[in-house]
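Below are the chains, spelled out letter by letter.
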Amino acid sequence: MENNAAVRISELELMAIKIRRNVLDICMQRGGYAGQGVALADIAACLYFDEMRTDNNNWYHDRFVLSNGHDAIMTYGALAEQGSYSMEDLRTYNADGTKIDQSPIEGQLGFEITAGSLGQGPSQAAGIAYAERLKGSDKRIYCLFSDGELQEGNVWEAAMFAGHQKLSNLVYIIDNNDLQATGATKDVLGVEPVPEKFEAFGFAAKRINGNSVKEILAAFREARNTTDKPFVMVCDTSLFAGVDCLQAELPNAHYVAKASADWQAGLKELEHKLNIHALN
Amino acid sequence: MLLNTDIKIDKAPFDHISFDLCSRRKDVMLMSADLSKYTQIVRVKKELSDQHLDVGMAEQNLISVAAGVSKAGYVPIATTFACYATRRAYDQMMICMGTGPNTSIVIGFTPGIANPARIHHQAAEDLGMIRAIPDATVIDPMDVTDFKQALDAAVDIPGLVYMRGHRGDTPILLNGQNFKFELGKTYPLREGKGVGIVATGHGTQWALEASVLLQSRGVDHSLLHVPTIKPVNETEISDYCFAHDEIVTIENHNIVTGLGSLITEIISNTGRGPRVTRLGIPDIWAPGGTLAYIRSQLALDAPALAEKIEAISNGE
């Protein structure tokens, strides 16, 4: 049993490397939110390739709501591996006239809401969760948003509602990277202690290392076993986690306007990691 | 189209309108933000409780949870005062509801000076705000019949639908037997050649009151009711306007961005046309008080409206 779990973790770590590679590839030409995409690769691997159930049409039975549109790059990197997007199309990210929006509009494959005006995803996910529960569906609703987004009042209105309604089919995933547009979150307007705040609103909360597949899987498992309240995973992450050279070069790059000289080194680093996995 | 009998007053129109709709449409979810009592939602809350959801005093959450509900197969009708829907949750209406295909209805009650509690409760700009959202639908019904039929139509209109709601003593003016609300359609309520009056919502009620005075004074006029502010029927409106030398618009809304502005936009798109006089809430902070008092203060009571229209008719 333990061996099976270790194999599964290894498979998902391999998937996370591929997602990181896709993110760097997508942002190679015109930049983008590469640091977040790379940092969220472990969460994406667990979410899209383990946690969310699929239906007969090779699409997801459970529902994912992306609130902070910038993190769409994570979804693109994952859905390229899932097969819904081609890398050829994804490489038009950030180009004039592209259909691969940096912050997607509702209706684009993989995006349930128009993400980008921050703070609105948690409420919409709560509305979906409430309605799915009302109609007797077993769908689980996952919503990703960021620590900086916690400064929006709408998030706390949503949390109050979700806690009050005991929406146990709802899981909030917070990308807690201590970085927002103009600086460190703790310097601009501190949001900690995040788990305790959500617990006060009626959630079960867990702070985890957002770059540990093992911890992410355990948190998802705990969320599934929580049947009387919504669940929040506070995922501590750092930009470009998993690509050492870029993490060292661009630790605070909320947005990368142009791929740096180290981009190729980053891709080589990931290819090397893929090769090591193949050997194992 | 207009009832010829004595005008009947409905004391709580939305209670039976919402109950009737929810009884027929089990996919409708009525939503409140701690104002169900003040928007007169009683029977649905009591007898169809699964179809009512109160999110507490949180309008941004009201609108964005409603948008989520629409994405799970229900038709949400988010209800609150017009001032809160638009001023507090405009971004949520535009982004969460306005960019997707699912029907999402917002009803703004006590619009304009229908709310007695002064400027913090008086949304005089809601129609203008929502009509600036691409693909949105905006409806300002004139009475109970119009309100009921417009809402029945709204549940099948894709995307964001914003309606003004009536609460409390509301007249029944239209004959439900031969009035049929159609999105975009305009309704001639008085025929005549003199001044052409274009009105919407409460403004149509006020125009009918002024019309009685104008008829008694022999002032030739006509009246067109325009419940659909968006998508607007430019052909019907321009045909009506170009058949007159003088147009007067009457609305329970700031004369900036509302019906009057809309009519002048249509006429200016078409070319030379009649003079347009916009009557409504002037671009000032309105007073509080009873509706009758506020109307008298803003020269929107029937005698003041009739006097103004008569003066226009006389070329002043």
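The rules behind the values
- Residues numbered from 1 in each chain as written.
- Chains lettered and ligands numbered in written order.
- Predicted model: local features only at pLDDT ≥ 70, side-chain atom pairs only at ≥ 80, totals over all residues.
- Heavy atoms only, no water.
- Helix = DSSP H or I, 4+ residues; strand = E, 2+ residues; numbered from the N terminus.
- Rg over C-alpha atoms; globule rule 2.2 N^0.38 Å.
- Buried < 20%, exposed > 50% of the residue type's maximum accessible area, 1.4 Å probe, protein only.
- Contact = heavy atoms within 4.5 Å.
- Areas by Shrake-Rupley, 256 points an atom, 1.4 Å probe, with all protein chains shown as cover.
- Lys, Arg positive; Asp, Glu negative; His and termini not counted.
- Charge placed at Lys NZ, Arg CZ, Asp CG, Glu CD.
- Phe/Tyr/Trp six-rings, centres within 6.5 Å; stacked < 30°, edge-to-face > 60°.
- Salt bridge = Lys/Arg side-chain N within 4 Å of Asp/Glu carboxyl O.
- Pairing = 2+ DSSP bridges.
- Axes fitted to C-alpha atoms, helices over the stretch in contact; angles between N-to-C directions.
- Core = buried A, V, L, I, M, F, W, Y, C linked by side-chain atoms within 4.5 Å.
- Buried area = accessible area lost by both parts, 1.4 Å probe.
- Polar contact = N/O pair within 3.5 Å; in protein donor to acceptor, adjacent residues only side chain to side chain.
- Nonpolar A, V, L, I, M, F, W, Y, C, P; charged D, E, K, R; others polar.
- Domains from an automatic or database assignment.

## Regarding the overall build of chain B
- Of the regular secondary structure elements, chain B holds 11 helices and 14 strands.
- Its C-alpha radius of gyration of 19 Å places chain B within 12% of the 20 Å reference for a compact globule of 316 residues.
- Going through the 316 residues of chain B one by one, you find that 60% of them count as buried.
- Intrachain contacts of chain B at a sequence separation of at least 6 include 79% that bridge at least 24 residues.
- Accessible surface, chain B: about 12,000 Å² in total, of which carbon and sulfur atoms supply 51%.
- Counting 28 positive and 36 negative side-chain charges, chain B places the averaged centre of each group 3 Å from the other.

## Details of the packing of aromatic side chains
Residue and element names in this part refer to chain A.
- Per the stated rule, a full pass over the model turns up 21 aromatic pairs over all chains.
- Taking the centre distance of 5.8 Å and the plane angle of 70° together, the rings of Tyr48 and Phe64 count as edge-to-face. On the criterion of sequence distance, the pair formed by Tyr48 in helix α3 (residues 41-51) and Phe64 in strand β1 (residues 63-66) is long-range, its members being 16 residues apart. This pair shows no difference in class: Tyr48 is buried, exactly as Phe64 is.
- Here Tyr76 and Phe111 contribute two aromatic rings whose centre-to-centre distance is 5.5 Å and whose plane-to-plane angle is 65°, an arrangement assigned as edge-to-face. Of the two residues, Tyr76 sits in helix α4 (residues 72-82) while Phe111 sits in the loop between α5 (87-90) and α6 (121-134), which places them 35 residues apart along the sequence.

## Re the pattern of salt bridges
- Under the definition given, this model contains 33 salt bridges over all chains.
- Between A:Arg8 and A:Glu11 there is a salt bridge, with the nearest N and O atoms lying 2.8 Å from each other. With A:Arg8 and A:Glu11 both in helix α1 (residues 2-27) and three residues apart, the pair spans about one turn of that helix.
- When its relative accessible area of 27% is taken as the criterion, A:Arg8 is described as partly exposed.
- B:Asp20 is the partner of B:Arg24 in a salt bridge, and the nearest nitrogen-oxygen pair spans 2.8 Å. Highlighted residues: B:Arg24 and B:Asp20, both in helix α1 (residues 13-24), separated by four residues, approximately one helical turn.
- Accessibility expressed as a relative area gives 28% for B:Asp20, which makes it partly exposed.
- Each of the salt bridges in this network shares a partner with another, and the network as a whole consists of A:Arg63, A:Glu112, A:Glu132 and A:Lys135.

## Digging into the sheet that holds strand β4 (residues 204-209) of chain A
Residues and elements named next belong to chain A.
- Read from one edge of the open sheet, five strands run β1-β2-β3-β5-β4, paired in parallel fashion. Two strands close off the open sheet at either side, each with one partner strand: β1 and β4. Neighbour to neighbour, the strand axes of the sheet diverge by 20° on average, direction disregarded.

## Description of the nonpolar core
All names here are of chain A.
- Residues Tyr172, Phe198 and Phe240 are the most contacted members of the largest nonpolar core, which totals 198 residues.
- The leading source of residues in this core is α1, at 10 residues.
- Excluding anything up to four places from it in sequence, Phe240 contacts Leu24, Ala34, Gly35, Val38, Ala39, Leu246, Gln247, Leu250, Ala253, Val256 and Trp263.

## Some details on unusual backbone geometry
- For the peptide bond that leads from A:Glu192 to A:Pro193, omega is 0°, which places it in the cis range.
- For A:Pro193, the position within the fold is in the loop between α8 (185-189) and α9 (194-200).
- Here the amide bond leading from B:Lys230 into B:Pro231 is cis, since omega sits at 0°, within 30 degrees of zero.
- For B:Pro231, the location among the structural elements is in the loop between β12 (228-230) and α8 (234-241).
- Phi at B:Ala299 takes a positive value of approximately 60°, unusual for a residue other than glycine.
- Tracing the backbone shows B:Ala299 in the loop between α10 (291-297) and α11 (302-313).

## Remarks on the interface of chain A and chain B
- Each partner contributes residues to the interface: chain A has 22 residues there, and chain B has 26 residues.
- Note on chain A versus chain B: buried area summed over both sides is about 1,900 Å², and carbon and sulfur give 56% of it.
- A salt bridge links B:Lys71 to A:Glu106; the nearest nitrogen and oxygen atoms lie 3.3 Å apart.
- Scanning the region where chain A abuts chain B turns up 12 residue pairs in polar contact (both at pLDDT 80 or more).
- The dominant element in the side of chain A that touches chain B, judged by the number of residues it contributes, is α6(A), at eight residues.
- Across the side of chain A that touches chain B, the residue classes break down as eight nonpolar, eight polar and six charged.

## So, the side chain of B:Gln122
Residues and elements named next belong to chain B.
- Along the chain, the position of Gln122 falls in the loop between β5 (104-109) and α5 (126-131).
- Here Gln122 falls in the buried class, since its relative accessible area comes to 5%.
- Dropping the residues within four chain positions of it, Gln122 is found in contact with Arg87, Gly112, Ile113, Asn115, Pro116, Ala286, Pro287, Gly288 and Ile294.

## Side note on the domain arrangement of chain B
Residues and elements named next belong to chain B.
- Parsing chain B into structural domains produces domain 1 (8-172) and domain 2 (187-309).
- Between domain 1 and domain 2, the C-alpha centre-to-centre distance is 25 Å.
- Contacts between domain 1 and domain 2 engage 30 residues on the former and 33 residues on the latter.
- Buried area between domain 1 and domain 2, summed over both chains or domains, comes out near 2,300 Å², and the portion from carbon and sulfur atoms is 57%.
- When the buried surface of domain 1 facing domain 2 is broken down by residue, Ile113, Arg131 and Met142 rank first, second and third, together holding 35% of it.
- At the junction of domain 1 with domain 2, the criterion picks out one salt bridge.
- For Arg131, the salt bridge is made with Glu265, and the minimal N-O distance between the two is 2.8 Å.
- Summed over the shared surface of domain 1 and domain 2, the result is 20 residue pairs in polar contact (both at pLDDT 80 or more).
- At the level of secondary structure, the elements contributing two or more residues to the side of domain 1 that touches domain 2 comprise α5 and β6 (137-139).

## Topic: the sheet that holds β6(B)
All names here are of chain B.
- The seven strands lie next to each other as β3-β2-β4-β5-β7-β6-β12, forming an open sheet whose pairing is mixed. The open sheet has two edge strands, β3 (52-54) and β12, and neither has a second partner. Averaged over all pairs of adjacent strands, the angle between strand axes in this sheet comes to 20°, irrespective of strand direction.
- Pairing of strand β4 (residues 75-81) with β5 involves five bridges; the strand directions are parallel. Bridge assignment links Ile77 to a residue of β5, and that residue is Ile105.
- Lying over the sheet, helix α4 (residues 82-97) contacts β4, β5 and β7 (160-165), oriented at roughly 150° with respect to β4.

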